[in-house]
Amino acid sequence: MQTLYDWSHGALIVAWGGYVVSFVLFVWAKMGKPTMRSARMERWAHVSVIGALVAHIVYFGLRWIASTFIPVSNFFEFIVFLSMMCAVAFLIVYRIAPSGWLGLCVTPVIVILMAYALAFPTEATPRIPSLHSVWLYIHVTTAAAGEAFFAIGFAAALMLLIHVIGTAPRPRKRDVWAIETVLVCVLIVVGFIASTFAFRLSGYEARFVSEQSTVVYAMPPIAAPYGYDVARMDAFLGMTQPLTTTPSWMKGVQAGRKWNTVLWSVSTGLILYGLLRLLARRPLVRALGPRLQGIDVAQIDDMSYRSIAIGFPIFTLGALIFAMIWAQIAWNRFWGWDPKEVWALITWLFYSAYLHVRLRKKYEGVSSAWLAVIGFVIVMFTLVGVNLVIAGLHSYAGV
Amino acid sequence: MFSSVKVGIFLIVLVLVGTLIGSLYPQQSAFVRPPPDGYYAETYGMAGEVYAALGLHRTYESWWFLTSVVLLAVSILIASIDRGIPLYRILRDQKIVRSDAIMRKQPVFLRYEAAHLPWARTIEALQSARYRVRTEGDALLAEKHRWSRAGPYVNHIGLIVFLAIIFIRSMPALTSEQMISLIEGERAPIAGTSYWIKNERFVIEWHEPGSSGPPVGEEEAIPKKFETTTVLYTCEARCETDDPQLRTVVRQPIVVNAPLRHQGMDVYQYGYEVTPQIRSVRVIVRDKQSNQEYGPIVLVTQNPKQTYTAGPYTITLINYFPEFALDAQGLPTTRSANTPHAPAYVFGITGGSAPEKGWTYVYFPREIDKERFRQQALNDRIGSGAHIDIRARSMSDVDIAVYTSTLVVRTDPTLPYLLGAALISMVGLIMGFYAQHRRMWIARTDEGQWVLAAHSHKNVYGLQRDVARVRAVIETDPHVRIIEQKDGGS
């Protein structure tokens, strides 16, 4: 059994590498001067995505066999599945309108999502009885498929905004500031991934005890948990004592650990941003925007919209209708205003508003691109933030 | 006013904001028992206090939230009528010949110089691309997937029906829900019906380390499955008493995700609690003088039998206390009506070597109660202690129920209709988003001049592919020359 898990994990790493390679090829194909070679490069990038997806599917199949049920039951498995759906969604949209620009913006999203998933515990977890239902898996997979199209819509919209704001002769300060914030958020996610892996590799550990429980940190404590004593702490850069303590109002046994992780992610993200900014000597968007020359704004705008339009019915079916059917069977009520349900509804309402906004010609382009970006932030909050911030019935997802 | 998209978007955002506000802190309805006053202030401090004071802990029942949902529903309804009917008329009464100006506005527009177009082959090409072609003189209109335009309206109808059912459903008489907790062997009536329900057996399985499937963490046992074998009865007589006459309707194990269904009533496995209780005890009756043992007899803790026979003795249950206690006057009483936390049996024993009027004997199944209430001394005082002993031989004669199973009984006749409405919506979404209404016009405008225009409701790329097929037919004719061109790219 264990070897099967190992093989599936290996396939996953291969898939991840494949997406990285295709990203590099897309960059090569689109960000340089367009030549005969760049067209060939784009074809290879496309092939590389397909190859990575095959490895991704191999991972999925092996893990399914090893754990005897479809691997979407914990956070790691879900995010990996979501990134797989993103690759599928990308290939579908690419078939409709083949544009290397789309690959250029989608592949990094997949790469980051997968690395993000790998930062969480990858062991399969046993399932509580309410998870023994075919409907759950139908609901989760369909919802993820819908969200994957929203991710494509987001990636395209973000690229469009970077290009438009980055190359505008006199960009509005507010726009630059807003897009830089989005980039900082992306870098914070990267910071989370980087610090998690760095400390995991170095095997860092700090233990805290209170009368009731023990908390284990995998990252040096910038903030120790409130009301705990240090039991054992590895030194880090000469730091042998926690720098601060988590505020007392943060409840929950793991609140301290989560808060410390947030602090590490934010600071690593900000340092990364600072370094990049020093390197570019201007706002990142002003450095990136001109590199996206040759982009067809109207086409990218249409692709962003089309992805969301394709994803919306799938999302409705998966995240609302199937979810209600499952909730009816498992919890004997189809709707209970559980935070996760509420946020699925918020996501749905938001994208409904987006689709109605798109009915008016004047909101095409930049304004609707902003909405597509915000929409995906809501999607990610529903998937991640709700578990982190608001606990509910879905808290089994284990974040 | 309600028909404008702007107002619609505003109302969607309004409902969205309301929904969001309600998710900030747990809603009151999320608790099985309503939390005490001051809960929000205590748990969430100042912000929680304000939240509760504004009534936001009941957002989804608040008048303003419900009003915004109703307004949205009204807006959907009016907008659908206001836009849907004219659109239907326009599409039904389409003219085949359009003015040059209108043609020029379309995303694809071509002007040809030619005496004739290869008319028959053009129509053929359009038809093979699944267009419906209508002609009028030297003009044609080709259309495909017109029904896709109905998608948004079908979706909206589904939504309105869904919301309407939700509002109708909120009438309390229409649906019911009750939670019934039963320890193994216990039964209870389902309020408001003639049904009784019994937990015949409750089993729980745990995820075990080393079994197939994923590894289990060390820190906690995770239940794999819990199951209540449930019996549903109808009561036929004496329903108000402790001894109703019941007829079995169905006996079925219930697990999470697999409820018992019976005539519109669903019984769900909800949860369980660890509540060790004695379910029954097998005892023997010993005559202390002759040292003879009789029995065994089985004493249950739920609705015990009135009379028992053990050898020559007839044992009558004079009184039964499920949770024995002494009140302020020192008289025996029971703390709960049917929870056997400290069961006590008061027997009248006749026959055998008993005197005419019999003995009275008190029996506590639990060792701790025997000590606490001093069973032996008590029986000595009432005169039976020297003659009779009732006891279980060993712990294996005591049957203990460990778990109380919580079941939820629910009736909701609206569910199939809600599902139907949701599916209508879904069909509408698929019609609207996965098919595009495409139109192509070809007409002779002047002597020797032809115009081709095409329009697609969404997806210009698909349209361009269709146009390319038609153009391939037209432009292979050597006499045709393009003099104006707009191909839908931007």
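One numbering rule holds for all chains: residues counted from 1, following each sequence as written. Ligands are numbered from 1 and chains lettered from A, in the order in which they are written. At least 70 in pLDDT is required for a residue's local features to be given in this predicted model, at least 80 for side-chain atom pairs to be given and counted, and no such filter applies to totals for whole chains, interfaces and linings, which use all residues. Working from all heavy atoms in the structure, the side-chain values ignore hydrogens and water.

Caption draft 1: A look at the overall build of chain A. From N to C terminus, chain A includes eleven helices and five strands. Whereas a compact globule of 399 residues would reach a radius of gyration of roughly 21 Å, chain A reaches 22 Å, a difference of no more than 12%. Principal-axis analysis of the C-alpha atoms places the extent of chain A at approximately 65 × 55 × 45 Å. Looking at the 399 residues of chain A, the share that counts as buried comes to 58%. Any two residues whose heavy atoms approach within 4.5 Å at even a single point are treated as in contact. In chain A, once contacts between residues fewer than 6 apart in sequence are set aside, the share between residues at least 24 apart is 74%. Accessibility throughout is a Shrake-Rupley quantity obtained with a 1.4 Å probe, and a residue counts as covered only by protein chains that appear here. Accessible surface computed for chain A: about 17100 Å², of which carbon and sulfur atoms make up 69%. Chain A carries 30 positive and 17 negative side-chain charges, and their two centres are separated by 11 Å. A run of DSSP states H or I qualifies as a helix once it reaches four residues; a run of E qualifies as a strand once it reaches two. Both are numbered from the N-terminal end. In this description the radius of gyration comes from C-alpha coordinates, and the expected globular size is given by 2.2 Å times residues to the power 0.38. A 1.4 Å probe rolled over the protein chains alone gives each residue an accessible area, and that area as a share of the maximum for its type sets the label: buried under 20%, exposed over 50%, partly exposed in between. Charge assignment: positive for Lys and Arg, negative for Asp and Glu; neither His nor the chain ends contribute. The location of each charge is read from NZ of Lys, CZ of Arg, CG of Asp or CD of Glu.

Caption draft 2: Examining the overall build of chain B more closely. Of the regular secondary structure elements, chain B holds ten helices and 22 strands. In terms of overall dimensions, chain B is more spread out than a globule: its C-alpha atoms have a radius of gyration of 39 Å, far above the 23 Å expected for 490 residues. Seen through its principal axes, chain B has C-alpha atoms that stretch 130 × 50 × 50 Å. Burial status across chain B gives 44% buried among its 490 residues. Sequence-distant contacts, at least 24 apart, represent 63% of the contacts inside chain B between residues at least 6 apart.

Caption draft 3: Expanded view of the layout of surface pockets. Residue and element names in this part refer to chain B. Site definitions follow a grid-based scheme: protein atoms alone, a 1 Å grid, a 1.4 Å probe that fits but cannot get out for cavities, and for pockets an open set with protein on both sides within 12 Å along at least five of seven lines, plus lining residues having an atom within 4 Å of a point. Grid points are joined across faces, edges and corners, and a volume is the space filled by probe spheres set on the points. Empty space within the second largest pocket amounts to approximately 560 Å³. Considering the residues around the second largest pocket, the lining is formed by 21 residues, among which Asp242, Gln302, Asn303, Pro304 and Asn338 are closest to the centre. At the level of elements, β5 (187–189) and β13 (313–321) are the ones that each hand at least two residues to the lining of the second largest pocket. A per-class count over the lining of the second largest pocket returns nine nonpolar, six polar and six charged. Under the grouping applied here, Gly and all other residues not named as nonpolar or charged are polar, the nonpolar ones being Ala, Val, Leu, Ile, Met, Phe, Trp, Tyr, Cys and Pro and the charged ones Asp, Glu, Lys and Arg.

Caption draft 4: Summary view of the sheet that holds strand β16 (residues 344–351) of chain B. Residue and element names in this part refer to chain B. Only strands joined by at least two bridges in the DSSP assignment are considered to pair. The strand order across the open sheet formed by four strands is β12-β13-β16-β17, and the pairing between neighbours is antiparallel. In this open sheet, the two strands that pair with only one neighbour each are β12 (307–310) and β17 (359–363). For this sheet, the mean angle separating the axes of adjacent strands, direction not counted, is 30 degrees. Structural elements are reduced to axes, namely lines fitted to C-alpha atoms, with helices fitted over the stretch in contact, and the angle between N-to-C directions of any two is expressed from 0 to 180 degrees.

Caption draft 5: Up close: the packing of aromatic side chains. Residue and element names in this part refer to chain A. Under the pairing criterion, centres of Phe, Tyr and Trp rings, with the six-membered ring standing for Trp, must be within 6.5 Å; the plane angle then separates stacked pairs below 30 degrees from edge-to-face pairs above 60, leaving the rest tilted. Using the criterion set out here, one finds 48 aromatic pairs over all chains in the structure. Within the aromatic cluster, the residues linked to one another by ring pairs are Phe150, Tyr305, Phe315, Phe350, Tyr351 and Tyr354. The ring of Phe197 has Arg200 lying over it, and the distance from NZ or CZ to the ring centre is 5.1 Å. The criterion for a charge sitting over a ring is simple: Lys NZ or Arg CZ within 6 Å of the ring centre, and within 35 degrees of the ring normal.

Caption draft 6: Spatial organisation of the interface of chain A and chain B. With 55 residues of chain A at the interface, the matching set in chain B holds 49 residues. The definition of a polar contact used here is a pair of N or O atoms within 3.5 Å, where within protein one atom must be able to donate a hydrogen and the other to accept one, and adjacent residues in sequence count solely through side-chain atom pairs. The tally of links from chain A across to chain B stands at three residue pairs in polar contact (both at pLDDT 80 or more). For the side of chain A that touches chain B, the elements supplying multiple residues, two or more each, are α9 (297–331) and α10 (339–357) of chain A. The leading source of residues in the side of chain A that touches chain B is α9 of chain A, at 19 residues.

Caption draft 7: Inspection of helix α9 (residues 415–434) of chain B at higher detail. Expected helix span is given by 1.5 Å per residue-to-residue step, counting one fewer step than there are residues. Spanning 20 residues, α9 of chain B covers 28 Å between terminal C-alpha atoms, matching the ideal 28 Å at 1.5 Å per step. Here α9 of chain B has its buried residues at Leu418, Ala421, Ala422, Ser425, Met426, Gly428, Leu429, Met431, Gly432 and Phe433 of chain B. Summarising the contacts, the buried residues of α9 of chain B are in contact with α9 and α10 of chain A together with α6 (151–169) of chain B.

Caption draft 8: Representation of the confidence of the model for chain A. When pLDDT is averaged along chain A, the result is 89, and 96% of the positions lie at 70 or above. Note that residues 392–399 of chain A has pLDDT below 50 and, in this model, 20 contacts with residues that lie over four places away or in other chains. Confidence scores here are pLDDT values: one per residue, from the predictor, ranging 0 to 100.

Caption draft 9: Up close: the nonpolar core. By convention a nonpolar core is built from buried Ala, Val, Leu, Ile, Met, Phe, Trp, Tyr and Cys residues, the set being connected through side-chain atoms within 4.5 Å. Formed by 152 residues in total, the largest nonpolar core has its most connected members in Tyr19, Phe90 and Leu102 of chain A. Considering every element that reaches this core, the biggest residue donor is helix α5 (residues 134–167) of chain A, with 21 residues. Core analysis: the second largest hydrophobic core is formed by 23 residues, Val285, Tyr345, Phe347 and Ile349 of chain B among them.

Caption draft 10: Highlighting the state of the cysteines. All names here are of chain B. Two cysteine sulfurs form a disulfide in these notes if their separation is within 2.5 Å. For the structure on display, the rule yields one disulfide over all chains. Linked covalently through their sulfurs, Cys235 and Cys239 form a disulfide whose S-S length is 2.1 Å. Because the sign of the S-S torsion sets the handedness, a value of about -115 degrees for the bond joining Cys235 and Cys239 places this disulfide among the left-handed ones. Overall, Cys235 belongs to the buried group, its relative accessible area being 10%.

Caption draft 11: Quick look at the environment of Glu200 of chain B. All names here are of chain B. With respect to the helices and strands, the residue Glu200 is situated in strand β6 (residues 195–206). Classification of Glu200 by relative accessible area gives partly exposed; the value is 27%. For the pair Glu200 and Ile222, spaced 22 residues apart in sequence, the C-alpha to C-alpha distance is 24 Å. Leaving out residues up to four positions away in the same chain, Glu200 has contacts with Glu184, Gly185, Thr229, Val231, Arg251 and Arg279.

Caption draft 12: Region of the structure containing the domain arrangement of chain B. The domain boundaries assigned to chain B delineate domain 1 (5–85), domain 2 (96–145 + 436–486), domain 3 (176–276 + 404–419) and domain 4 (278–402). Summarising the inter-unit geometry, the C-alpha centres of domain 1 of chain B and domain 4 of chain B are found 59 Å apart. The split into domains, and so the bounds of each, comes from an automatic or database assignment of domains.

Caption draft 13: Here's a closer look at helix α1 (residues 2–31) of chain A. Residues and elements named next belong to chain A. Taking 1.5 Å of rise per residue, the 30 residues of α1 would be expected to cover 44 Å, and the 43 Å separating its terminal C-alpha atoms lies within 8% of that figure. Along α1, the residues classified as buried are Tyr5, Ser8, Ala11, Leu12, Ala15, Gly18, Tyr19, Ser22, Leu25, Phe26 and Ala29. Packing partners of the buried residues in α1 comprise α2 (36–67), α3 (75–96) and α4 (100–118).

Caption draft 14: Focus on unusual backbone geometry. Residues and elements named next belong to chain B. The residue after Gly295, namely Pro296, is reached through a cis peptide bond having omega 0 degrees. Tracing the backbone through its elements, the reader meets Pro296 in strand β11 (residues 292–300). For His145, which is not glycine, the phi torsion reads 55 degrees and is therefore positive. Structurally, His145 is set in the loop between β3 (139–144) and α6. In this structure His145 comes out as partly exposed when scored by relative accessible area, which is 26%.

Caption draft 15: Summary view of the pattern of salt bridges. Throughout this description, the term salt bridge denotes a Lys or Arg side-chain nitrogen within 4 Å of a carboxyl oxygen of Asp or Glu. In total, this model carries 34 salt bridges over all chains according to the counting rule given. With a shortest N-O distance of 2.8 Å, Glu77 of chain A and Arg63 of chain A are connected by a salt bridge. Linking Glu77 of chain A in helix α3 with Arg63 of chain A in helix α2, this pair joins segments that are 14 residues apart in sequence. Comparing Glu77 of chain A with Arg63 of chain A shows no difference in burial state: the two are buried. Between Glu475 of chain B and Arg471 of chain B there is a salt bridge, and its shortest N-O distance comes to 2.7 Å. Here the residue Glu475 of chain B and the residue Arg471 of chain B both occupy positions in helix α10 (residues 460–475), the gap between them amounting to four residues, near one helical turn. Assessed through its relative accessible area of 17%, Arg471 of chain B is described here as buried. What you see here is one network of salt bridges that share partners, running through Glu205, Arg207, Arg232 and Asp234 of chain A.

Caption draft 16: Region of the structure containing the sheet that holds strand β1 (residues 206–209) of chain A. All names here are of chain A. Strands sit in the order β2-β1-β4 across an open sheet of three strands; the sheet is antiparallel. The sheet is open, and its two borders are formed by β2 (214–217) and β4 (229–233), each paired with just one other strand. Between one strand axis and the next, the sheet turns through 20 degrees on average, direction left out of account. With four bridges connecting them, β1 and β2 associate as antiparallel partners. Residue Ala206 lies in a different strand from β2, and its bridge partner there is Tyr217.

Caption draft 17: Region of interest: the side chain of Ser8 of chain A. Residue and element names in this part refer to chain A. Turning to its location among the elements, Ser8 is positioned in helix α1. With a relative accessible area of 1%, Ser8 lands in the buried category. A distance of 3.0 Å separates a polar atom in the side chain of Ser8 from the backbone oxygen of Tyr5. Discounting residues that sit within four places of it in the chain, Ser8 has contacts with Tyr59, Leu62 and Arg63.

Caption draft 18: Expanded view of the pairing of strand β2 (residues 132–136) of chain B. Residues and elements named next belong to chain B. Two elements, β2 and β3, share five bridges in a ladder whose sense is antiparallel. Within β3, the position partnered with Arg132 by the bridge is Glu143. Where β2 hands over to β3, the hairpin turn is made up of two residues, of which Gly137 adopts a positive phi near 60 degrees.

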